[in-house]
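Here is what each chain is made of, one letter per residue.
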Amino acid sequence: MDVLSDILDLLQLRGSLYFRTAFSPPWSVAVPPLGRAARFHLAVQGRCLVRVGEDDTVQLNPGDLILIPGGAGHVLSDGSDAKPAALEEVLQRSGFSGEGTLVFGGEARADADTKLICGHFTFAEGVDHPLLRALPPYLLVTAELRAKAPWLDELLRLIARQMFAETPGMTASVIRLSEALFIEVIRSCADQDEALGKVLAAVGDRRIGHALGLMHRRLDQDWTLEGIAREVGMSRSRFAEQFQDLMNCAPMGYLADLRLQQAKTLLAGTSEPIQTIAQRVGYQSPAAFSRAFTNRYGHSPKASRQAAG
């Protein structure tokens, strides 16, 4: 089993919105926060300054990409003193309908100085995982990094070509390419953040990765800490210590969250009886499952299914 793929399936990573921009100086755009999302901006032409938070400003040169995993608000600008215009205002003033190019700035011309490709990914509502918690405020892909990561470089080139070609099926193609892009960015940028690097190291570790695979693959098994440690050839204490260090959570806590999040997905996506779902995710009785689910999400499994429609 590919544990990273399974984690991303659990998070329900989806590409959902993509567009091109053409900005002429002076310009500045305030992008609002967006929950359960990760935004990215790829510089195609010119330069762009990205301010994440109050003080952290990053310059994008042609070919550079910034990924903002937590959906935090941020400001894009040309570095001038222009007052940031709210994104909603920019969309209204430019008349952008969601198709073609978003044209904005001093002269508002399509052959503007700065051209970007922008987009975002979404995650399932209520989802949580050590991978998401480990992601830093932003990840930066530079020309130097692209030269070391040929898969990532090729994906960025393909996305740029598709966005500017405007051929039939372009949107569907870019969405699928960008979902792969998210994976390649976090793998290629693992050394930019210690917590992210540890989670990815855990996934690839011979023993901790094996333990994660066992949990994901055999949720219905009555696991104990000793049982998992034995399966991966470690002592109970050593396994718990190393898992905690890499994943920043206890093994049995991870398993409990995994069970409930998988149950939430099954409740929304299948018509299986709640009792069957409880058994599939490792609960011995529907009552115990209902109590754990309600404590975690604040509502019962039945209410969760009804809310999902």
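Described in the following lines is the structure provided in the data block.

Conventions adopted
- Residues numbered from 1 in each chain as written.
- Predicted model: local features only at pLDDT ≥ 70, side-chain atom pairs only at ≥ 80, totals over all residues.
- Heavy atoms only, no water.
- Helix = DSSP H or I, 4+ residues; strand = E, 2+ residues; numbered from the N terminus.
- Buried < 20%, exposed > 50% of the residue type's maximum accessible area, 1.4 Å probe, protein only.
- Contact = heavy atoms within 4.5 Å.
- Lys, Arg positive; Asp, Glu negative; His and termini not counted.
- Charge placed at Lys NZ, Arg CZ, Asp CG, Glu CD.
- Pairing = 2+ DSSP bridges.
- Axes fitted to C-alpha atoms, helices over the stretch in contact; angles between N-to-C directions.
- Core = buried A, V, L, I, M, F, W, Y, C linked by side-chain atoms within 4.5 Å.
- Parallel < 35°, antiparallel > 145°, perpendicular 65-115°, else oblique.
- Nonpolar A, V, L, I, M, F, W, Y, C, P; charged D, E, K, R; others polar.
- Disulfide = S-S within 2.5 Å.
- Phe/Tyr/Trp six-rings, centres within 6.5 Å; stacked < 30°, edge-to-face > 60°.

**Remarks on the overall build of the chain**
Phase 1: Regarding its fold elements, the chain presents 14 helices and 11 strands.
Phase 2: For the chain, the spread of C-alpha atoms along the principal axes amounts to about 65 × 40 × 40 Å.
Phase 3: Relative to its 309 residues, the chain shows a buried fraction of 47%.
Phase 4: A fraction of 73% describes how many contacts in the chain between residues 6 or more apart in sequence connect residues 24 or more apart.
Phase 5: Computed over 32 positive and 35 negative side-chain charges, the separation of the two mean positions in the chain equals 6 Å.

**Focus on the sheet that holds strand β3 (residues 37-45)**
Phase 1: If you trace the 6 strands from one edge of the open sheet to the other, you get β9-β1-β10-β3-β6-β11, paired in mixed fashion. For this open sheet the edge positions go to β9 (101-105) and β11 (139-141), each flanked by a neighbour on one side alone. The average angle at which neighbouring strand axes cross in this sheet is 20 degrees, direction not considered.
Phase 2: Across 3 bridges, the pairing between strand β6 (residues 65-68) and β11 is antiparallel. Across the sheet, the residue bridging to leucine 65 is valine 141, located in β11.

**Notes on the nonpolar core**
Phase 1: Within the largest apolar cluster, 78 residues are counted, with the highest numbers of intra-cluster contacts made by Leu131, Phe182 and Phe239.
Phase 2: One finds Phe19, Leu60, Leu102 and Cys118 within the second-largest nonpolar core, a separate group that totals 23 residues.

**Points about the pairing of β6**
Phase 1: Every second residue of β6 is oriented toward a common face, with Leu65 and Leu67 on one face and Ile66 and Ile68 on the other, all of them buried.
Phase 2: In this sheet, β6 lies alongside β3 in antiparallel orientation, the contact comprising 4 bridges. Counterpart to histidine 41 in the pairing with β6 is isoleucine 66.

**Things to note about the packing of helix α11 (residues 251-269) against helix α13 (residues 286-297)**
Phase 1: At a closest axis distance of 10 Å, the pairing of α11 and α13 adopts a crossing angle of 95 degrees. Between α11 and α13, the crossing angle belongs to the class labelled roughly perpendicular. Contacts between α11 and α13 involve Asp257, Leu260, Gln261, Ala263, Lys264 and Leu267 on the former and, on the latter, Phe289, Ala292, Phe293, Arg296 and Tyr297.
Phase 2: Its residues assigned to classes, the contact of α11 with α13 shows 7 nonpolar, 1 polar and 3 charged.

**Remarks on the state of the cysteines**
Phase 1: By the definition in use, this model includes 0 disulfides.
Phase 2: Cysteine 118 supplies the cysteine sulfur nearest to cysteine 48, a cysteine that is in no disulfide, at a spacing of 7.8 Å.
Phase 3: Given the relative accessible area of 0%, cysteine 48 is considered buried.

**What about the sheet that holds strand β8 (residues 85-86)?**
Phase 1: Overall, mixed pairing links the 5 strands, which are arranged β5-β4-β7-β2-β8 in an open sheet. Every other strand in the sheet has two partners, leaving β5 (56-60) and β8 as the edge strands with one partner each.
Phase 2: Sheet topology note: the strand β2 (residues 28-31)/strand β7 (residues 74-77) ladder contains 4 bridges and is antiparallel. Following the sheet pairing, valine 31 is matched in β7 by histidine 74.

**So, the environment of leucine 258**
Phase 1: With respect to the helices and strands, leucine 258 occurs in helix α11.
Phase 2: As for leucine 258 and alanine 72, which are separated by 186 residues in sequence, their C-alpha atoms are 25 Å apart.
Phase 3: Beyond its immediate sequence surroundings of up to four residues, leucine 258 is in contact with Leu10, Met215, His216 and Leu219.

**Remarks on the packing of helix α7 (residues 194-204) against helix α10 (residues 236-247)**
Phase 1: Close contact between α7 and α10 brings their axes to 7 Å; oriented N to C, the two are set at 135 degrees. Considering their axes alone, α7 and α10 lie oblique with respect to each other. Residues Lys198, Val199 and Ala202 of α7 lie in contact with α10, whose contacting residues are Asp245, Leu246 and Met247.
Phase 2: For the contact of α7 with α10, the class distribution of residues is 4 nonpolar, no polar and 2 charged.

**Some points on the packing of aromatic side chains**
Phase 1: Counted according to the given criterion, the structure contains 12 aromatic pairs.
Phase 2: Considering the side-chain rings of phenylalanine 121 and phenylalanine 182, the 5.4 Å spacing of their centres and the 65 degrees angle between planes classify their relative orientation as edge-to-face. Note that phenylalanine 121 is positioned in strand β10 (residues 114-122) and phenylalanine 182 in helix α6 (residues 170-188), a separation of 61 residues in sequence. Grouping residues by exposure puts phenylalanine 121 and phenylalanine 182 together as buried.
Phase 3: Seen in terms of ring centroids, phenylalanine 293 and tyrosine 297 are 4.8 Å apart; in terms of plane orientation they differ by 50 degrees. Their pairing is tilted.

**Some remarks on unusual backbone geometry**
Phase 1: The omega angle of the peptide bond from proline 25 to proline 26 is -5 degrees, so this bond is cis rather than trans.
Phase 2: Its identity as a non-glycine residue notwithstanding, glutamine 12 has a phi of 55 degrees, on the positive side.
Phase 3: Tracing the chain through its elements places glutamine 12 in the loop between α1 (3-11) and β1 (14-24).
Phase 4: The class of glutamine 12 is partly exposed, set by a relative accessible area of 28%.
Phase 5: In this structure, asparagine 248 is a non-glycine residue whose phi angle is positive, near 60 degrees.
Phase 6: For asparagine 248, the location among the structural elements is in the loop between α10 and α11.

On their own, these measurements won't tell you what the molecule is for.
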